[in-house]
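Okay, here's what each chain looks like letter by letter:
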Amino acid sequence: MKIKHANNNNNNDMERQRAESTFTIISKVKNSPNVNTVVKWLRSNKLLILILVSVVFGVLLGLTLRPLNLSSDTITLISYPGDLFLRTLKLMVLPFIISCLIIGAANLDISKNGNVAVRTIVYFVLTSVFNVCLGLTLGLLVHPGSPDLRLTNTTSFSGPKKMNVMDGFLDMGKNLLPENLFQATIQQTLTEYETVMSLNNTKTLKKVVKYKDGTNTLGIIFFCLIFGTVLGTMGERKKPVLNFFTVTYEVMQKILTGVIWFTPIGVASVICGKIITLADLTTTLVQLSLFIVTTVGGFLFYQLIVIQIIYFVIVKKSPWPYYVSLGPALATAFATASKSASLPITFKVLDEKLKMNPKITKFVLPIGTINMDGSALYLSVALLFLAQINNLQLGIGEIFTIGLACTAASMSSAAIPSAAIVLVVMLCSVINIPTEDVSLLFAVDWLVDRFRTTNNLIGDCYTVAIVQHLSKEELEQDDDLSEKEVEEVHVNGTFVMQEQEQNAHTNQSFTNTPV
């Protein structure tokens, strides 16, 4: 019995020692710096992780459900959460753009910080031109188009029958100055050519200026910039109006805080529904694989190499922490294929996570709708692709014309899904390409558009960092002036209070003096 009791004690001691050693190992692991860093990163990037998981889940679920030949009602129900999510984000875009532009222009004080606006516009133009040149180079070197594709895959397409470069520039000017600001929120101006019968029964094309559905972002941006700039010169009288738009922006941020956590559900729904509805997915990807590789390769080359080098050279910091922090915004842009839809989340990431200067973010991001780096590259590759499948021989003059037209068109592109494909149709007349050939691009635009949108968005985000670095002196001067104004108000307020107390004391003494 004594031996048995001793054995039990030994076993208990061994179990206790094992438990203590296990507890010690766990506490060491928990308290190790590497584990703490990983846990901290996971907590700060939980939204990004959830979005990436939802993207993978949406793709796998879509591929699993494709062979089941689901009814249209079932597909509608699967896509419904994503549709509601997109509608919610788009609902918030216009209040964000209006409030941000007015606040940014008013606080920036263009009379003192005009260089900030100039740097932003110059950077937008230079990057757009670079992407057009990159697209033309890739299109000429890779040569993604083959005349064999045109023989079997084209279908009739009804779009704008004709357009020239001058019409595009004139439409840009008309949209810049809309006749009605409220109409600009839902419609924009477009020049089209209609077929009419002449007196001798021959068909002729007649130029017609029409309104098409879609927010006239250029007109709204221009008006808000002018309004905010003039508001910034009004001195003390600007405060009530500026407070109104500041509160509006803060309200939209609070609404976004709740909406943002529905992103994983919306993203999975959008991607799953899109994959289910695609016809002949494998065949289409194989036939147009060279075009996809050329465009997506160009997007990734610019996004992962070119713009990172620009950031490193100008900001003189490693670009990768900045790039990784943009994860939630880029993932949302990829899933929704809309830069406008991801704009609220982009503001949240830049303002709260990356701590960028609000004066820069509220000025650069809203006018970033004219900065479409991805669209500039895509348009140039797409036009060369269409020329190659039509076996057209392009000279230096035609290539220069394509570059000029693509640069102008990309800066007037809407920040909505598949907006660039409409521009391709309009630009076909630049080199006399039949518009029915554009139907080839529709088959893969659902995929290419997602990479194109991330490039469009990342161009704006890096513009914020670069312009903020280049404008460091102006921003510091603004901050110093603001601090001095606050100190003056404090000093003046204290002086007035002391003077009032002295007057009150004097009056009281005078009242108590016997006559």
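Residues numbered from 1 in each chain as written. Predicted model: local features only at pLDDT ≥ 70, side-chain atom pairs only at ≥ 80, totals over all residues. Heavy atoms only, no water.

Asks: Would you explain the overall build of the protein in this entry?
Replies: What the protein contains, in helices and strands, is 22 helices and two strands. In the protein, the share of contacts with a sequence separation of at least 24, taken over all contacts with a separation of at least 6, comes to 82%. When the accessible surface of the protein is summed, it comes to about 27200 Å², and 64% of that surface belongs to carbon and sulfur atoms. (Helix = DSSP H or I, 4+ residues; strand = E, 2+ residues; numbered from the N terminus. Contact = heavy atoms within 4.5 Å. Areas by Shrake-Rupley, 256 points an atom, 1.4 Å probe, with all protein chains shown as cover.)

Asks: How should I be thinking about the environment of Lys348 in this particular structure?
Replies: When you line up the elements, Lys348 lands in helix H16 (residues 339–353). Judged by relative accessible area, Lys348 falls into the buried class, the value being 15%. Every residue in contact with Lys348, bar those within four places of it in the chain, is listed here: Gln253, Leu256, Thr257, Ile260 and Lys353. (Buried < 20%, exposed > 50% of the residue type's maximum accessible area, 1.4 Å probe, protein only.)

Asks: Whenever I open this one, the pattern of salt bridges confuses me. Can you help?
Replies: Pairs can form between side chains of opposite charge whenever their charged atoms are close. By the definition in use, this model includes five salt bridges. A salt bridge links Glu352 to Lys348; the nearest nitrogen and oxygen atoms lie 3.2 Å apart. One end of the pair, Glu352, and the other, Lys348, are both in helix H16, four residues apart, so they sit about a helical turn from each other. The shortest N-O distance in the salt bridge between Asp449 and Arg452 comes to 2.7 Å. Highlighted residues: Asp449 and Arg452, both in helix H21 (residues 439–470), separated by three residues, approximately one helical turn. Residue Asp449 is classed as buried on the basis of its relative accessible area of 4%. (Salt bridge = Lys/Arg side-chain N within 4 Å of Asp/Glu carboxyl O.)

Asks: Can you walk me through a nonpolar patch on the surface in this structure?
Replies: Taken together, Leu300, Phe301, Leu304, Ile305, Ile309, Phe312, Val313 and Trp320 make up a surface patch of nonpolar side chains, about 730 Å² in accessible area. Among the elements that make up the nonpolar patch, the one with the highest residue count is helix H13 (residues 289–315) (seven residues). Looking at the element boundaries, Leu300 is found in helix H13. (Patch = residues over 30% accessible without salt bridge, like charges linked within 9 Å, V, L, I, M, F, W, Y side chains within 5 Å.)

Asks: What is the right way to look at the nonpolar core in this model?
Replies: Generally speaking, nonpolar side chains in soluble globular proteins are found buried as a group. Ranked by internal contacts, the top residues of the largest apolar core, which has 105 residues, are Tyr322, Leu326, Tyr378, Leu379, Leu386 and Leu441. When residues no more than four places from it in sequence are discounted, the contact partners of Tyr378 are Phe291, Thr295, Phe299, Ala420, Ile421, Val424, Leu441, Asp445, Val448 and Arg452. Among the nonpolar cores identified, the runner-up in size contains six residues, and Leu86, Leu89, Val259 and Ala341 belong to it. (Core = buried A, V, L, I, M, F, W, Y, C linked by side-chain atoms within 4.5 Å.)

Asks: Got a minute to help me understand helix H17 (residues 358–367) in this structure?
Replies: An α-helix turns once per 3.6 residues; consequently, residues spaced three or four apart project the same way. Most of H17 sits out of view: nine of its 10 residues are buried. Within H17, the full set of buried residues consists of Lys359, Ile360, Thr361, Lys362, Phe363, Val364, Leu365, Pro366 and Ile367. Measuring from the backbone nitrogen of Lys359 back to the side-chain oxygen at the start of H17 gives 2.9 Å, which picks out Asn357 as the cap. (Polar contact = N/O pair within 3.5 Å; in protein donor to acceptor, adjacent residues only side chain to side chain.)

Asks: How do you make sense of the side chain of Ser342 when you look at a structure like this?
Replies: With respect to the secondary-structure elements, Ser342 resides in helix H16. On the accessibility criterion, Ser342 (0% relative accessible area) is buried. For Ser342, the contacting residues outside a window of four places in its chain are Ala329, Thr332, Ala333 and Leu457.

Asks: Is there a simple way to think about helix H11 (residues 263–277) in this case?
Replies: Over its 15 residues, H11 extends 21 Å from the first C-alpha to the last, a length consistent with the 21 Å expected when each residue adds 1.5 Å. Counting buried residues in H11 gives 12 out of 15 residues, a clear majority hidden from the surface. Along H11, the residues classified as buried are Thr263, Pro264, Gly266, Val267, Ala268, Ser269, Val270, Ile271, Cys272, Gly273, Ile275 and Ile276. (Expected span 1.5 Å × (residues − 1).)

Asks: What is the right way to read the packing of aromatic side chains from this model?
Replies: How two aromatic rings sit relative to each other is set out by the distance from centre to centre and by the angle between their planes. In this structure the tally under the stated criterion is 12 aromatic pairs. Here the aromatic rings of Phe227 and Phe245 are separated by 6.4 Å at their centres, their planes lie at 75°, and the arrangement is edge-to-face. Remark: Phe245 occurs in helix H10 (residues 239–259) and Phe227 occurs in helix H9 (residues 217–231); sequence separation between them is 18 residues. We classify Phe245 as buried; its relative accessible area is 13%. Summarising the aromatic geometry, the rings of Tyr311 and Tyr322 are spaced 5.3 Å apart at their centres and angled 25° between planes, so their arrangement reads as stacked. Here Tyr322 lies in helix H14 (residues 320–325) and Tyr311 lies in helix H13, a separation of 11 residues in the sequence. Both residues of the pair, Tyr311 and Tyr322, belong to the buried class. One aromatic cluster is present, built from ring pairs that chain together Phe223, Phe227, Phe244 and Phe245. (Phe/Tyr/Trp six-rings, centres within 6.5 Å; stacked < 30°, edge-to-face > 60°.)

Asks: Where do I start with the environment of Tyr193 in this structure?
Replies: Within the secondary structure, Tyr193 sits in strand E1 (residues 187–197). When the C-alpha positions of Tyr193 and Leu205 are compared, they lie 5.6 Å apart, and in sequence the two are 12 residues distant.

Asks: Would you mind showing me how to read the confidence of the model for the protein here?
Replies: As a note on interpretation, predicted positions should not be read in detail where pLDDT is low. Considering every residue of the protein, the mean pLDDT works out to 76; 74% of them sit at 70 or more. Highest mean pLDDT in the protein belongs to H13 (93); lowest belongs to helix H22 (residues 472–512) (54). Ignoring residues within four places in sequence, the model shows residues 151–161, a span with pLDDT below 50, making 21 contacts including any to other chains. Note on residues 493–497: pLDDT is under 50 here. Beyond four places in sequence and across chains, it has zero contacts. (pLDDT = per-residue confidence, 0-100.)

Asks: Even after reading the chapter, I still don't get the packing of H16 against H17, so can you show me in this structure?
Replies: Helix-helix packing is described using two parameters, namely the angle between the two axes and the distance between the axes. Close contact between H16 and H17 brings their axes to 10 Å; oriented N to C, the two are set at 155°. Considered as vectors, H16 and H17 are oriented roughly antiparallel to each other. Between H16 and H17 the crossing geometry is right-handed. Contacts from Leu343, Thr346, Phe347, Leu350 and Asp351 in H16 reach Pro358, Thr361, Lys362, Leu365 and Pro366 in H17. When the residues that make up the contact of H16 with H17 are grouped by side-chain class, the tally is six nonpolar, two polar and two charged. (Axes fitted to C-alpha atoms, helices over the stretch in contact; angles between N-to-C directions. Parallel < 35°, antiparallel > 145°, perpendicular 65-115°, else oblique. Left-handed = near helix turned anticlockwise from the far one by under 90°. Nonpolar A, V, L, I, M, F, W, Y, C, P; charged D, E, K, R; others polar.)

Asks: Hey, could you run me through unusual backbone geometry in this one?
Replies: What you tend to see is this: most non-glycine residues have negative phi, and most peptide bonds are trans. Non-glycine residue Lys316 carries a positive phi angle of around 65°. Residue placement: Lys316 occurs in the loop between H13 and H14. Assessed through its relative accessible area of 64%, Lys316 is described here as exposed. Positive phi outside glycine occurs at Lys355, with the angle close to 55°. Among the structural elements, Lys355 can be located in the loop between H16 and H17.

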